[in-house]
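# Structural overview for review
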Amino acid sequence: MEGLHREQEKPKFEVLKTIGGSDANKLVNGTLNAWTNIVSSKILGESKDLSDVLAVQMGLTTEDLNRRWFEKTTELKVSVVEDPLTNAKYDFAHARVDGLIYDENLAVFEAKHTNAFKPPEEQIAKYYGQLQHYMMVIESETSYLSILSGNMAYHIFKVDRDNKYISKLEYIEKYLYQCIIGKEKLDDEFYHDYKEEYK
């Protein structure tokens, strides 16, 4: 945990060039096109405007309620994290966590407001890459996925660190970061070699 620090210690443009949690969801089981889009958008410095996406804005608006309901339900205290976190050991990545839990061990808190008609268990698969990415960056063993499902249900899922999955993430993220920094086109052969090695 020695290398963990706040974004202010690293130039903002560097953080924006690194791989984040939302990117990680598209990597391990992702398509070549998804990988390519991540690299090209970061080279160009593009960030998607989500201000008009209702689901995203609703999630942001209900995040405080989600956190308070989690604390009430579990009696675990969540510390809000305003800035992206980085780690010198993983200089190709950053983590924009919704919160950190300083209990016996450091844990990630991630809040989601989801569709009431989608089984909450499917959300674990949907955000698995993001949670593993965060646990890699902050070097934690545990994360909590806190889900407000529509306006009638609430679910908490404890997701443990998956070192095998993280090794795949690290392998991909290091390569994509090299492409981003070097402004190089992603090599199709690397993608196909990865798929062959980790099939």
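A brief structural summary. (Residues numbered from 1 in each chain as written. Predicted model: local features only at pLDDT ≥ 70, side-chain atom pairs only at ≥ 80, totals over all residues. Heavy atoms only, no water.)

## Digging into unusual backbone geometry
Applied cut-off: Secondary structure elements follow DSSP: runs of H or I no shorter than four residues count as helices, runs of E no shorter than two count as strands, and numbering proceeds from the N terminus. The rule is simple: take the accessible area with a 1.4 Å probe, protein chains only, and divide by the maximum for that residue type; under 20% is buried, over 50% is exposed, in between is partly exposed.
Backbone geometry at Glu75 places phi at a positive 65°, although glycine is not the residue there. Note on placement: Glu75 falls in the loop between helix H4 (54-74) and strand E2 (78-79). Residue Lys183 is not a glycine yet carries a positive backbone phi of 50°. Mapping Lys183 onto the fold places it in the loop between helix H6 (163-182) and helix H7 (188-197). Since its relative accessible area comes to 63%, Lys183 is described here as exposed.

## Topic: the side chain of Glu71
This is how the line gets drawn: Should any heavy atoms of two residues lie within 4.5 Å, those residues are counted as being in contact.
Position of Glu71 among the secondary structure elements: in helix H4. Among the residues examined, Glu71 registers a relative accessible area of 18% and is labelled buried. With residues up to four places along the chain from it excluded, the contact list for Glu71 reads Leu76, Lys77 and Val78.

These values are about where atoms sit, not about what they do.
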